[in-house]
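Observations on the three-dimensional arrangement
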Amino acid sequence: MQHFKFNLLLLFLTVSITVTAQQPAKPNSVEIYHQLEKLNFLGSVLYIAAHPDDENTRLISYLSNEKNARTGYLSLTRGDGGQNLIGPELRELLGVIRTQELIEARKIDGGEQFFSRANDFGFSKNPDETLQIWNKNQVLSDVVWVIRNFQPDVIINRFDHRSPGTTHGHHTSSAMLSVEAFDKVNDPTAFPEQLSLTTTWQPKRLFFNTSWWFYGSKEKFDAADKTNLSKLQTGVYYEQFGKSNQEIAALSRSRHQSQGFGSTGTRGEEDEYLEFLKGSNLQDKTNIFEGIDTTWNRVANGKPIGELLANVQKNFDFKNPAASVSELVKAYDLIQKLDDKHWKEIKLQEIKKIIAACSGLYLEAVSDSQEATNKSILKVKIEAINRSDLKINLNSITSNPSSMTTQVVTELVNNKLVNQTLELDFSSILDYTQPYYLIEKGTVGMYRVDDQNNIGKPDIIRNAKVTFNIEIEGVAIPFEKNIVYKYNDDVKGEVYQPLDIVPIVTSSIKEKVYIFPNNKEKTISVILKSGKENVSGMVQLNVPSNWSVTPATIPFTLSKKGEEQIAVFTVTPSKEASEIVIKSSVIVDGQTFDKEKIDINYPHIYKQMVLKPAEAKAIKLNIKTKDEKIAYIMGAGDEVPKSLMQMGYQVSIVKPDEITTEKLQNFDVIITGIRAYNVVNALSFKQNILLDLVKSGKTMIVQYNTLDEFVTKDLGPFPFKVSRDRVTEENAEVRFLASEHPILNYPNKITSKDFEGWKQEQGLYYPSEWDKNYTAIISSNDKGETPKDGAILVANYGKGHYIYTGISFFRELPEGVAGAFRLLANMIAIGK
């Protein structure tokens, strides 16, 4: 079912934090009644901020569920530049996860989700930098586009547009663009190319959602003059649902699992404050819809619809929702005749879902496979059932994209299941399933989306659908459903997944970075996977002429769908230092396939598929390493161990319960993963073991931790204070503070060239204060800032060495940044 795009509250009351994201919605009477309340409210609010998790879920939930407003959240980015607490995905793959987390959050708090084309390129310290890396005009155009289409009566900014430099540059930019867009959306000379697809619009008013955070402390905010602020009492309790607004908001915010934003719901009084910025000011500061007709009277010929639906709501029978269907069908017929295209489209979708829910009408189209290829026949099981005494007929079923209509003409008798299997012809070419904004190559600051109609859409655009042409009480009502796949899991039970359109074959180079420290050849494996049965062809690796690969091609045959095969090539590097991209390509029947298929599957989001170029980076690197054995204690999750293995080290992942003297005494170096001291509770009582090992002669390297609560206050043998200091300009000049120190000289001579080509940032959460026993190795800073000297701190401790570093090795190594490999090799070799 198309359940993951439903714009309903209907899940928020029955959802629990353990329910998987895939289950279709099956609303009960209380939820249906709430949908009726929303059907009878014609007002809308758009909340605007920069990232996933910036949104105020308490306010979104309040507006959607207490005020019944159509409430949207425009996140300018998809959060691609953040960190990931649940897995190794970074950059655009993390953006895919965070997109889905926002979609799941909106299902809970009742909002809708939108995005611009802006790419979260990482932390930015001021809006000038942000709007330079983003294409300001394009992002402004996207904001205007979303407003013109959503047509909000009220816009609320999360951040203050008047305080550049006091918060993330993306934050301030989101507010600045919103303020500018407010004055442009009704101007036909602003982005006129949009007006063939949409219309101008003027929101009534614009607010800034202020709070104590913007005042510096709760005490300062409590003492501030709030006479010019609107106060909304959002700490409401929904008696019929048994939850407070804050509890719903906490469930919504807890969807941001990749960012570790699990939230505990609260109860009791709570207020939100809005500062008026533009438009028509309020006389009644508790009513943000003042002067806006939010009834059916706001649309021409809407009054009789409002009267009809008010009667439905008044007489709604919680024990027999089907009793409302006859009147709802009449209202549906009247809505179809409205001239107001905006509200007509919105309310038709809402009322169709209510009619189906009231009548117990369940419609589903299930594929016999989770993946399908073009030019294939797909078997789809159709299920239709009416669980009421209403006269309902299934007249026909239309499948897309072929637009083939199958005549059925079957009466859906109360509780009699109708099943039918259709064979859908995919001879027409469907786009491969993947996020639409990743299809074309963008820039550091912007995704590329060529189709204007797609801009702002939150999710993958799926074209494999069926339309059930239903007749209820003599009125024809079409119900469109995405084709899905489902199966029964012995533990989870019924599991739903989307239908994905895949290439007939994909390939993946086993590692994403290969290090060639000398002229010796290396074997490189390519994993082939079939998208259908009986695929044969040739696979090859493409390298520049100064590198060589043997054999030139390898034949393969994959007889079963989903079957994998490994092809092994031998690659010899160039004699000189160089960095190249190795590309895998597969030839089948004269057609070339050059994509890698990446599946992202976490229980709290809908399964995602991403297609990327099948390639890897290979570096002929002037690097020297020793033969150290490394124990790696994983933190929040990173892929540094893979890079260490590529460098030739023996690496073992050590679990927290394995941190013992006996286990670790056979290793030379101990490295903790990113945020280990934030998330690995065992380090609170294992730290003494680690420091004693350093004292006995081991080397310990601790990667960055955030200012979230530490599991122990003693991160090192001597005190230091972690701060928010960071260097976000990846090309910032690096100065050597201890030029003779071994870390800059052995076994590799580190120069300024080693800090060229870094990605997104140099490092983050540097210590700002430290004991005299530490030596600071390098210094750098963003433009206009004071030097940040805490990137690498080294201390001799007993016979060993302790290193704390905020350098973003977790980001630079998987990107194949040569200097990062050389620098880390020196840190590992210290004392040798």
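Residues numbered from 1 in each chain as written. Predicted model: local features only at pLDDT ≥ 70, side-chain atom pairs only at ≥ 80, totals over all residues. Heavy atoms only, no water.

Focus: the packing of aromatic side chains
For the coordinates displayed, the defined rule picks out 26 aromatic pairs. Ring geometry for Phe-516 against Trp-547: centres 5.2 Å apart, planes inclined by 90°, an arrangement best described as edge-to-face. Placement of Phe-516 in strand β22 (residues 513–516) and of Trp-547 in the loop between β24 (535–542) and β25 (548–550) is noted, with a sequence separation of 31 residues between them. Just as Phe-516 is buried, Trp-547 falls in that class too. Counting every residue linked through ring pairs, the aromatic cluster contains Phe-718, Phe-720, Tyr-774, Tyr-797, Tyr-802 and Tyr-804. (Phe/Tyr/Trp six-rings, centres within 6.5 Å; stacked < 30°, edge-to-face > 60°. Helix = DSSP H or I, 4+ residues; strand = E, 2+ residues; numbered from the N terminus. Buried < 20%, exposed > 50% of the residue type's maximum accessible area, 1.4 Å probe, protein only.)

With respect to the pattern of salt bridges
Tallied over the full model, the rule gives 42 salt bridges. Glu-494 is the partner of Lys-486 in a salt bridge, and the nearest nitrogen-oxygen pair spans 3.2 Å. Judged by its relative accessible area of 27%, Lys-486 is partly exposed. Across the pair Glu-761 and Arg-811 runs a salt bridge, and its minimum N-O distance is 3.1 Å. Taken as a pair, Glu-761 in the loop between β38 (735–736) and β39 (763–770) and Arg-811 in helix α16 (residues 809–812) lie far apart in primary sequence, 50 residues in all. A relative accessible area of 3% means that Arg-811 is categorised as buried. Salt bridges here are not isolated pairs; linked through shared partners, they connect Glu-371, Arg-462, Asp-500, Lys-597, Asp-599 and Lys-607. (Salt bridge = Lys/Arg side-chain N within 4 Å of Asp/Glu carboxyl O.)

Digging into the confidence of the model for the protein
Across the protein, pLDDT averages 93, with 97% of residues at or above 70. Across residues 1–20, where pLDDT falls below 50, the model places 70 contacts with residues more than four positions away in sequence or in other chains. (pLDDT = per-residue confidence, 0-100. Contact = heavy atoms within 4.5 Å.)

Quick look at the sheet that holds strand β17 (residues 475–482)
Consider a sheet: its strands pair through backbone hydrogen bonds, and that pairing is either parallel or antiparallel. Across the sheet, which stays open at both edges, the four strands sit in the order β14-β13-β16-β17 with antiparallel pairing between neighbours. Two strands bound the open sheet, and with one partner strand each, they are β14 (404–411) and β17. Put simply, the sheet's adjacent strands are angled 20° from each other on average, direction ignored. Of the strand pairs in this sheet, strand β13 (residues 392–400) and strand β16 (residues 465–472) are connected by eight bridges, and their pairing is antiparallel. Counterpart to Asn-393 in the pairing with β16 is Glu-471. Strands in contact with helix α11 (residues 341–359) are β13, β16 and β17; relative to β17, the strand with the most contacts, it is inclined by about 95°. (Pairing = 2+ DSSP bridges. Axes fitted to C-alpha atoms, helices over the stretch in contact; angles between N-to-C directions.)

What to know about helix α6 (residues 169–184)
Taking 1.5 Å of rise per residue, 16 residues should cover 22 Å, and α6 covers 22 Å from first to last C-alpha, within 8% of that figure. Most of α6 sits out of view: 12 of its 16 residues are buried. Those residues of α6 that fall on the buried side of the exposure criterion are Gly-169, His-170, His-171, Thr-172, Ser-173, Ser-174, Ala-175, Leu-177, Ser-178, Val-179, Ala-181 and Phe-182. Here the buried face of α6 lies against β1 (44–49), α4 (127–133), α5 (136–150), β4 (154–157), β5 (205–208) and β9 (271–279). (Expected span 1.5 Å × (residues − 1).)

A short note on the pairing of strand β28 (residues 578–588)
Pairing geometry for β24 and β28, over five bridges, is antiparallel. Counted as the bridge partner of Asn-542 is Lys-583 from β28. With three bridges joining them, β28 and strand β29 (residues 591–593) adopt antiparallel strand pairing. Looking across to β29, one finds that Val-588 is bridged to Gln-591. Where β28 folds back on β29, the antiparallel hairpin that results is connected by two residues, among which Asp-589 adopts a positive phi of roughly 50°.

Things to note about the pairing of β1
Taken across its six residues, β1 has six buried, putting it largely inside the fold. Bridging between β1 and strand β2 (residues 70–75) involves six bridges; their strand directions are parallel. Opposite Ala-49, over in β2, you have Ser-75 as the bridge partner. Where the polypeptide runs from β1 across helix α2 (residues 57–66) and back to β2, its parallel neighbour, the crossover connection is right-handed. (Right-handed = clockwise from strand over helix to strand, strands pointing away.)

Quick word on helix α10 (residues 325–336)
With 12 residues, α10 extends 16 Å between its outermost C-alpha atoms, agreeing within 8% with the 16 Å of an ideal straight helix rising 1.5 Å per residue. At its buried positions, α10 is contacted by α1 (29–39), α9 (303–314), α11, β16 and β17.

Considerations on the nonpolar core
Within the largest apolar cluster, 79 residues are counted, with the highest numbers of intra-cluster contacts made by Leu-644, Ile-792 and Tyr-802. For this core, the element with the highest residue contribution is helix α17 (residues 818–829), accounting for eight residues. Excluding residues within four positions of it along the chain, Ile-792 makes contact with Ile-743, Thr-775, Ala-776, Ile-777, Ile-778, Ile-803, Tyr-804, Thr-805, Ile-807 and Leu-823. One finds Ile-32, Val-312, Leu-348 and Val-475 within the second-largest nonpolar core, a separate group that totals 58 residues. (Core = buried A, V, L, I, M, F, W, Y, C linked by side-chain atoms within 4.5 Å.)

Let's talk about the environment of Glu-37
Assignment of secondary structure puts Glu-37 in helix α1. It is 57 Å that separates the C-alpha atoms of Glu-37 and Glu-769, two residues lying 732 residues apart in sequence. Excluding residues that lie within four positions of it along the chain, Glu-37 makes contacts with Asn-68 and Gln-313.

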